[in-house]
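# Structural description and commentary
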Amino acid sequence: MSIIVFPAIDLKGGQVVRLAEGDMARATVYGDDPADQARKFGEAGAEWLHVVDLDGAFAGKAVNAGAVEAILKAFPGKVELGGGIRDRAGIDRWLGLGVERVIIGTAALQNPDLVREAARELPGRIVVGVDARDGFVATHGWAEVSTVSITDLADRFADAGVASLLFTDVGRDGLLKGCNVEATVALARHASIPVIASGGVASIADIHALVPHAADGIEGVITGRALYDGRLDLAEAIRVANAGDSRG
């Protein structure tokens, strides 16, 4: 079985950045042309692209809309978008502009009815962001931590028609510590919804570690800093993800 490799473009002030542990003060800038970066990922074989409006996640509304629209024009495949999408108008606007799937994080915790209604009416288009610190859901751009466990949040949407759960271990994100395979697989086995792994991917070893768990419900993996730092080759990651765990 195969999994999807989602290269990530995180937007802050119109630039391509990566944060360390979700901290806006610890941002590394990797470029000032998001559309060109999206085009390069497409040329490397990416069929999906993961885009986050970081400013929007904190503001609760779209901030880097111009950059997102430029990415949509440049990238030949499908785009999933998160960051500040907290009402139906935002969902409908982005889907209308060509986004394939929208990621709902903070609003999934604070307004679950929004997610259920949208998932029912827009099958396959709604992803719930499950951002976790020490097993509990983080919100508002990861700046706050709730008392809701990740499994409880997953259970709330078990029969809602949500396309996927995007699980991010905030404590590893942007640090190249390696993906938290154990926690991600545990969530996938618990939930009835496919899970996308995110946070900490450091090398091709993380792709090899996740691929055998496609049968457990792992749909894909997001990678950002490892690509930008040259620690992971996107074309190779896609090959491994499509071929299954080829190491035997």
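This text gives an overview of the structure that appears in the document. (Residues numbered from 1 in each chain as written. Predicted model: local features only at pLDDT ≥ 70, side-chain atom pairs only at ≥ 80, totals over all residues. Heavy atoms only, no water.)

### A short note on unusual backbone geometry
- At Asp 134, a position not held by glycine, the phi torsion is positive, near 55°.
- By the secondary structure assignment, Asp 134 is in the loop between strand 7 (126-133) and strand 8 (136-139). (Helix = DSSP H or I, 4+ residues; strand = E, 2+ residues; numbered from the N terminus.)

### As for the pairing of strand 1 (residues 4-12)
- Of all the 9 residues making up strand 1, 7 are buried; the element is thus mostly covered by neighbouring parts of the structure.
- With 4 bridges connecting them, strand 1 and strand 12 (residues 218-223) associate as parallel partners. Each residue of the ladder has a partner; that of Val 5, found in strand 12, is Val 221.
- Alignment of strand 1 against strand 4 (residues 48-53), held across 4 bridges, turns out to be parallel. Within strand 4, the residue paired with Leu 11 across the bridge is Asp 53.
- Note: strand 1 against strand 2 (residues 15-20), 3 bridges, orientation antiparallel. Each bridged residue has a counterpart across the sheet, and for Asp 10 the counterpart in strand 2 is Val 17.
- Hairpin connection between strand 1 and strand 2: a loop of 2 residues separates the two successive antiparallel strands, and Gly 13 in this loop has a positive phi of roughly 60°. (Buried < 20%, exposed > 50% of the residue type's maximum accessible area, 1.4 Å probe, protein only. Pairing = 2+ DSSP bridges.)

### Focus: the environment of Thr 139
- Structurally, the position occupied by Thr 139 is in strand 8.
- Once the C-alpha coordinates of Thr 139 and Pro 194 are considered, the two residues, 55 residues apart in sequence, prove to be 21 Å apart.
- Residues within four places of Thr 139 in sequence aside, it is in contact with Thr 106, Leu 109 and Glu 144. (Contact = heavy atoms within 4.5 Å.)

### Some details on helix 1 (residues 34-43)
- Residues Pro 34, Ala 35, Gln 37, Ala 38, Phe 41 and Gly 42 constitute the buried set of helix 1. Summarising the axial view, the buried residues of helix 1 lie within an arc of 160°, below the 170-degree limit, and thus occupy one face.
- Among the structural elements, strand 1, strand 2, strand 4, helix 3 (65-74), helix 10 (225-228) and helix 11 (234-243) are those in contact with the buried residues of helix 1. (Arc of directions from axis to C-beta.)

### Regarding the packing of helix 3 against helix 4 (residues 88-97)
- Close contact between helix 3 and helix 4 brings their axes to 10 Å; oriented N to C, the two are set at 35°. Taken together, the residues of helix 4 that come into contact with helix 3 (itself represented by Ala 65, Val 68, Glu 69 and Leu 72) are Arg 93, Trp 94 and Leu 97.
- Of the residues contributing to the contact of helix 3 with helix 4, the split by class is 5 nonpolar, no polar and 2 charged. (Axes fitted to C-alpha atoms, helices over the stretch in contact; angles between N-to-C directions. Nonpolar A, V, L, I, M, F, W, Y, C, P; charged D, E, K, R; others polar.)

### Some details on the pattern of salt bridges
- Inspection of the entire model under this criterion finds 11 salt bridges.
- The partner of Glu 69 in a salt bridge is Arg 93, with the nearest N and O atoms 3.2 Å apart. Pair noted here: Glu 69 is in helix 3 and Arg 93 is in helix 4, with a separation of 24 residues, a long-range link.
- The class of Glu 69 is partly exposed, set by a relative accessible area of 25%.
- The closest approach of N and O atoms between Arg 189 and Asp 216, which form a salt bridge, is 3.3 Å. A residue pair is termed long-range when its members are at least 10 positions apart, and Arg 189 in helix 8 (residues 181-190) and Asp 216 in the loop between helix 9 (204-210) and strand 12 qualify at 27 residues.
- Taken together, the shared-partner salt bridges connect Arg 88, Asp 92, Glu 117 and Glu 121 into one network. (Salt bridge = Lys/Arg side-chain N within 4 Å of Asp/Glu carboxyl O.)

### Re the packing of aromatic side chains
- In total, this model carries 3 aromatic pairs according to the counting rule given.
- Each residue in the set Tyr 30, Phe 41 and Tyr 228 is aromatic and connected to the rest through ring pairs, giving one cluster.
- A cation sits over an aromatic face here: Arg 93 above Trp 94, 4.6 Å from the ring centre. (Phe/Tyr/Trp six-rings, centres within 6.5 Å; stacked < 30°, edge-to-face > 60°. Lys NZ or Arg CZ within 6 Å of the ring centre and 35° of its normal.)

### What about the environment of Ala 46?
- Here Ala 46 lies in the loop between helix 1 and strand 4.
- In the structure, Ala 46 is positioned 12 residues away from Phe 58 in sequence and 28 Å away in space, judged by C-alpha atoms.
- When near neighbours in sequence (up to four residues on either side) are disregarded, Ala 46 contacts Pro 7, Phe 41, Phe 75, Leu 234 and Ile 238.

### What to know about helix 11
- Of all the positions in helix 11, only Leu 234, Ala 237, Ile 238, Val 240 and Ala 241 are classed as buried. An end-on view of helix 11 places all buried positions within 165° of arc, on one side of the element. Across helix 11 from its buried face, at more than 90 degrees, point the exposed residues Asn 242 and Ala 243.
- Elements that come into contact with the buried residues of helix 11 comprise strand 1, helix 1, helix 9 and helix 10.
- Where helix 11 begins, the capping side chain belongs to Asp 233, and its oxygen is found 3.3 Å from the backbone nitrogen of Ala 235.
- At the C-terminal side of helix 11, Gly 244 shows a positive phi close to 85°. (Polar contact = N/O pair within 3.5 Å; in protein donor to acceptor, adjacent residues only side chain to side chain.)

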